[in-house]
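Here are the chains, one letter per residue:
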Amino acid sequence: MKGHAESQSVKLKFFPENVDFVSLLENVNPEKPLEQFFIGLFEQKISAGEERRTIKVFLPEKAKQGSNSVHIAVPSGVKTIEFLQKSGWMTIAKQSGLVLFAYEPNNQQWNNDDIDAEINYFKMAFDVINERIYYNIMLGNFYFAGYGDGGEVLQRFIMANPKVCAAMAIFDGSEDITIDYMKRMGTELSDDPNLPKTEVPVPVWIISERITENVQNVVNYWLSANDCESTVYLFEDGRQFYASKGSLNENVGIVRITEHKVNYYDQAFTHKVWNQFMKNFCRFGSAIYNNRLCKALDFAELGIEHKTMEVDGFTREWYEYVPVSRRTLGEKLPLVVALHGFGQTGEIFVGYSEWHKVAEERGFVVVFPTGSIVSAGGKAIPKTGWNLNGSLGQADDYKFIAELVTNVKSRKNIDETRVYISGQSMGSMMANCLAMTMPEIFAAVGSMSAPILNIDKQTFEAYGLDDERFEFPNKVNPDYQIPVRLFIGEHDLWGGGSFENSPAVKATIKYWIDRNDAGNVDEPFCYQPGELFENKIYVNEQKVPMVQYTMTKNRGHNCIPQEMWLVWDEWFSKYTREADGSIHFHVGYPWC
């Protein structure tokens with residue numbers, strides 16, 4: 001196959017074995033703390049049954065903690081590294097900071113006589129990638145491109161696992177996918193017990209020299225999955241179909257068809273695939289079922305600003321959103337600090353949580369700070385998280401958050417009585433720790449999917465952190481009461497959402513009840529507004545709700561945007577911290 005560019009020599013490396021991952025914390029660059037620890041082109045070993053297989057991993061210099069990733073299935077008969085170069089994917093990765101994963105056949109030939117074995121290789125490789133031992137990529141948001149017979153295997157894998165795909169382009173990999181295989185997907189349920197895999201939307205671009213009857217069957221499969229209308233829209237390289245208006249897939253359910261021969265080494269076309277199609281979509285784990293497919297956010301268009309400051313020699317960053325409707329009015333606005341989970345960044349948590357949408361509608365400033373680089377328990381590279389007790393990393397996250405709040409107050413007209421803290425997973429742990437150690441700054445806490453770390457031994461075990469480095473937060477300030485709301489998923493970590501199965505969660509709620517003089521943990525006021533949320537509310541002697549525990553039905557270890565709305569409407573909006581440090585409750589709860 002003729003290339004449009006000569007390949008350049010790239011040194012292939014191998015990830016080291018027996019790494020002292022904890023010691024890598026000493027290699028963090030204070031000026032660029034979000035850099036990946038390993039940079040370059042690597043081969044990673046995969047065990048697929050009895051076979052020893054490999055993938056190629058490309059980590060460009062621009063890649064950072066939490067980068068997006070593109071997963072490429074190369075065709076038979078090519079050299080993987082040369083293909084990544086000549087196709088243009090390496091150039092795109094270098095320009096955009098993407099991490100590339102190349103799935104490759106044994107001896108440059110996919111085993112078309114045993115497709116199930118090849119699909120199993122994809123599954124095993126994908127599972128290894130998700131362990132993130134040597135790199136930190138954004139989980140849940142994966143892009144896929146498949147070529148030739150490699151594209152066929154990839155497409156079958158995505159049909160069986162649609163929730164992992166934000167967008168997919170298939171070059172000549174549709175001809176041999178049988179109707180029987182697609183019918184089988186219709187009999188297999190997705191995460192949603194009421195939804196087969198054939199109805200989970202995936203934006204797809206099918207590229208084929210000819211749209212034969214077999215290829216059209218595959219096109220029809222994706223048209224149905226994306227709930228597309230029959231109306232045809234033409235674009236430069238073919239036809240496009242959109243999801244029905246009013247459909248749940250509106251704006252994201254898209255199928256493109258290109259019916260002509262495309263040179264795999266046409267780098268201009270590869271750039272179109274990424275820049276005009278794939279990167280327009282995003283898939284977040286913040287959903288009850290099947291991950292949430294949405295349009296990718298344009299921060300510049302929305303007015304979400306990237307900010308940095310130096311704290312103790314470390315460059316710290318956050319993303320800041322001021323509602324459009326309040327930017328010129330000059331009124332005092334509340335402030336919400338939203339903390340991401342382990343391995344995420346502030347940038348990821350913007351779309352993951354959708355706090356910016358609540359801020360726009362309800363009129364407050366929201367900031368999304370990125371945590372410091374902290375230990376992953378010695379089992380993988382350190383990743384972005386929160387230095388809960390000062391021993392997980394080198395940076396002081398408590399000082400960072402305090403200085404961040406001060407910074408925003410100095411530039412924006414913030415109502416100092418209405419500053420709130422939220423977070424998910426490790427961000428929830430940090431939010432609780434901040435409320436314990438500097439409650440005077442915040443008027444209320446509302447967080448998701450994690451109790452106070454190490455409030456009991458089971459919390460250690462859930463994270464595999466069974467050593468003495470993890471202690472209760474230092475410098476707890478018991479002089480201030482603070483309203484706390486915690487959401488845990490029914491199928492979350494820690495044993496799930498029930499107190500019976502999750503003593504760490506119950507112990508966290510009991511801590512806040514005791515601290516806020518809010519009654520007995522076993523004697524809540526129960527409130528269930530619908531089928532999704534079950535609430536336990538605890539009030540003080542003045543009948544002010546000071547602690548609320550909410551179990552989100554069917555949810556695992558994530559959060560969903562609806563929870564952010566509830567945190568604001570039912571919790572944050574009801575509390576102010578007065579100048580004397582007391583909490584003032586503004587009546588208006590549906591259960592008051």
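Anyway, here's the lowdown on the structure attached to this text. Every chain is numbered on its own, with residues counted from 1 as its sequence reads. With the structure being a predicted model, the display of local features is reserved for residues of pLDDT at least 70 and the display and counting of side-chain atom pairs for 80 or more, all residues being used for whole-chain, interface and lining totals. To obtain the side-chain values, all non-hydrogen atoms of the structure were included, while hydrogens and water were left out.

Structural notes on the pattern of salt bridges
Working step 1: Salt bridges are counted wherever a side-chain nitrogen of Lys or Arg sits within 4 Å of a carboxyl oxygen of Asp or Glu. Under the counting rule described, the total for this entry stands at 31 salt bridges.
Working step 2: Lys 261 is the partner of Asp 172 in a salt bridge, and the nearest nitrogen-oxygen pair spans 3.9 Å. Linking Asp 172 in the loop between strand S7 (165–171) and helix H5 (179–187) with Lys 261 in the loop between strand S11 (254–259) and helix H7 (267–277), this pair joins segments that are 89 residues apart in sequence.
Working step 3: Among the residues examined, Asp 172 registers a relative accessible area of 25% and is labelled partly exposed. Helix and strand definitions here come from DSSP, where helices need a minimum of 4 consecutive H or I residues and strands a minimum of 2 consecutive E residues; each element is numbered from the N-terminal end. Only protein chains enter the accessibility calculation, which uses a 1.4 Å probe. A residue is then buried if its area is under 20% of the maximum for its type, exposed if over 50%, and partly exposed in between.

Thoughts on the packing of helix H3 (residues 115–131) against helix H4 (residues 148–160)
Working step 1: Put simply, H3 and H4 touch, their axes get as near as 9 Å, and they point 70° apart. The angle between H3 and H4 falls in the class roughly perpendicular. In this structure, H3 meets H4 at a crossing whose hand is right-handed. When H3 is examined against H4, the residues Ile 115, Glu 118, Ile 119, Phe 122, Lys 123 and Phe 126 are found in contact with a partner set consisting of Gly 150, Glu 152, Val 153, Leu 154, Arg 156 and Phe 157.
Working step 2: Of the residues assigned to the contact of H3 with H4, the class counts are 7 nonpolar, 1 polar and 4 charged. Only C-alpha atoms enter the line fits that serve as axes; for helices the fit covers just the stretch in contact. Angles between N-to-C directions range over 0 to 180 degrees. Oblique is the label for any angle not under 35 degrees, not over 145, and not in the 65 to 115 range, which are roughly parallel, roughly antiparallel and roughly perpendicular in turn. Definitions for this section: a left-handed crossing has its near helix turned counterclockwise from the far helix by less than a right angle. A right-handed crossing has that turn clockwise. Note on contacts: a residue pair is in contact if any heavy atoms of the two residues lie within 4.5 Å. Classes in brief: Ala, Val, Leu, Ile, Met, Phe, Trp, Tyr, Cys and Pro nonpolar; Asp, Glu, Lys and Arg charged; the others, Gly included, polar.

Side note on the sheet that holds strand S23 (residues 525–527)
Working step 1: Taking strand neighbours across the sheet as the criterion, the 10 strands line up as S14-S15-S17-S16-S20-S21-S22-S25-S24-S23 in an open arrangement whose pairing is mixed. On the outer flanks of this sheet lie strand S14 (305–311) and S23, each paired with one strand and no other. Put simply, the sheet's adjacent strands are angled 20° from each other on average, direction ignored.
Working step 2: One bridge is not enough; two strands pair if DSSP finds at least two bridges between them. Of the strand pairs in this sheet, strand S16 (residues 333–339) and strand S17 (residues 365–369) are connected by 3 bridges, and their pairing is parallel. By the bridge assignment for S17, Val 336 is matched with Val 366.
Working step 3: Lying on the sheet, helix H9 (residues 346–353) is in contact with strand S15 (314–321), S16, S17 and strand S20 (414–424); it crosses S17 at an angle near 130°.

Some points on the pairing of S15
Working step 1: By the criterion of burial, S15 is predominantly enclosed, with 7 of the 8 residues buried.
Working step 2: Taking the residues between adjacent antiparallel strands as the criterion, S14 and S15 are bridged by 2 residues, where Asp 312 takes a positive phi near 55°.
Working step 3: Pairing of S15 with S17, which is carried by 4 bridges, proceeds in the antiparallel orientation. In the strand pairing of S17, Glu 320 is matched with Val 367.

Digging into the nonpolar core
Working step 1: In terms of nonpolar packing, the biggest core is built from 130 residues, with Ile 72, Trp 89, Met 278 and Trp 355 touching the most fellow members.
Working step 2: Ranked by the residues each element gives to this core, the list is headed by helix H12 (residues 426–437), at 8 residues.
Working step 3: Apart from the residues lying within four places of it in its own chain, the contact partners of Met 278 are Trp 89, Tyr 143, Phe 144, Ala 145, Ala 167, Met 168, Ala 169 and Val 273.
Working step 4: For this analysis, a nonpolar core means a set of buried residues of the types Ala, Val, Leu, Ile, Met, Phe, Trp, Tyr and Cys, connected via side-chain atoms within 4.5 Å. Judged by nonpolar contacts, the second largest core, of 59 residues, contains Met 159, Met 182, Leu 223 and Cys 228.

Considering the side chain of Ser 87
Working step 1: Structurally, Ser 87 is set in the loop between helix H1 (80–86) and helix H2 (89–96).
Working step 2: N or O atoms closer than or at 3.5 Å make up a polar contact, with two conditions inside protein: a donor-capable atom paired with an acceptor-capable one, and, for residues adjacent in sequence, both atoms drawn from side chains. A polar contact of 2.7 Å, which involves the side chain of Ser 87, links it to the backbone oxygen of Phe 83.
Working step 3: At 3.4 Å, the side chain of Ser 87 forms a polar contact with the backbone oxygen of Leu 84.
Working step 4: With sequence-adjacent residues up to four places away left out, Ser 87 is seen in contact with Tyr 264, Tyr 265, Asp 266, Gln 267 and Thr 270.

Some details on the sheet that holds strand S2 (residues 40–48)
Working step 1: In spatial order, the strands read S1-S2-S3-S5-S4-S6-S7-S8-S11-S10-S9; together these 11 strands make up an open sheet with mixed pairing. Each edge of the open sheet is held by one strand with a lone partner, namely strand S1 (12–14) and strand S9 (233–235). Within the sheet, the average angular offset between the axes of one strand and its neighbour, ignoring direction, is 25°.
Working step 2: The sheet contact formed by S9 and strand S10 (residues 238–242) spans 3 bridges and is antiparallel. Among the inter-strand pairings, Tyr 233 is bridged to a residue of S10, identified as Gln 240.

With respect to the side chain of Asp 397
Working step 1: As for its position among the elements, Asp 397 is in helix H11 (residues 397–411).
Working step 2: By relative accessible area, Asp 397 is classed as buried at 0%.
Working step 3: Side chain to side chain, Asp 397 and Arg 316 meet in a polar contact 2.7 Å long.
Working step 4: In contact with Asp 397, not counting residues within four places along its chain, are Arg 316, Gly 371, Ser 372, Gly 385, Trp 386, Asn 387 and Met 430.

Focus on the environment of Phe 15
Working step 1: Inspection of the secondary structure puts Phe 15 in the loop between S1 and S2.
Working step 2: In this structure the C-alpha to C-alpha distance between Phe 15 and Phe 38, which are 23 residues apart in sequence, comes to 8.2 Å.
Working step 3: Beyond its immediate stretch of four places on either side in the chain, Phe 15 contacts Phe 38, Phe 42, Glu 43, Gln 44, Val 57, Leu 59, Tyr 134 and Tyr 135.

Structural notes on the packing of aromatic side chains
Working step 1: Pairing of aromatic rings covers Phe, Tyr and the six-membered ring of Trp, with a centre-to-centre limit of 6.5 Å; geometry is then stacked below 30 degrees between planes, edge-to-face above 60, and tilted otherwise. Applying the stated criterion to the full structure yields 46 aromatic pairs.
Working step 2: Taking the centre distance of 6.0 Å and the plane angle of 55° together, the rings of Phe 15 and Tyr 135 count as tilted. Placement of Phe 15 in the loop between S1 and S2 and of Tyr 135 in the loop between H3 and strand S6 (137–147) is noted, with a sequence separation of 120 residues between them. Each member of the pair Phe 15 and Tyr 135 is classed as buried.
Working step 3: Considering the side-chain rings of Trp 355 and Phe 572, the 6.1 Å spacing of their centres and the 10° angle between planes classify their relative orientation as stacked. Here Phe 572 lies in the loop between helix H15 (561–570) and strand S26 (575–577) and Trp 355 lies in helix H10 (residues 355–362), a separation of 217 residues in the sequence.

Taken by themselves, the reported measurements are silent on function.
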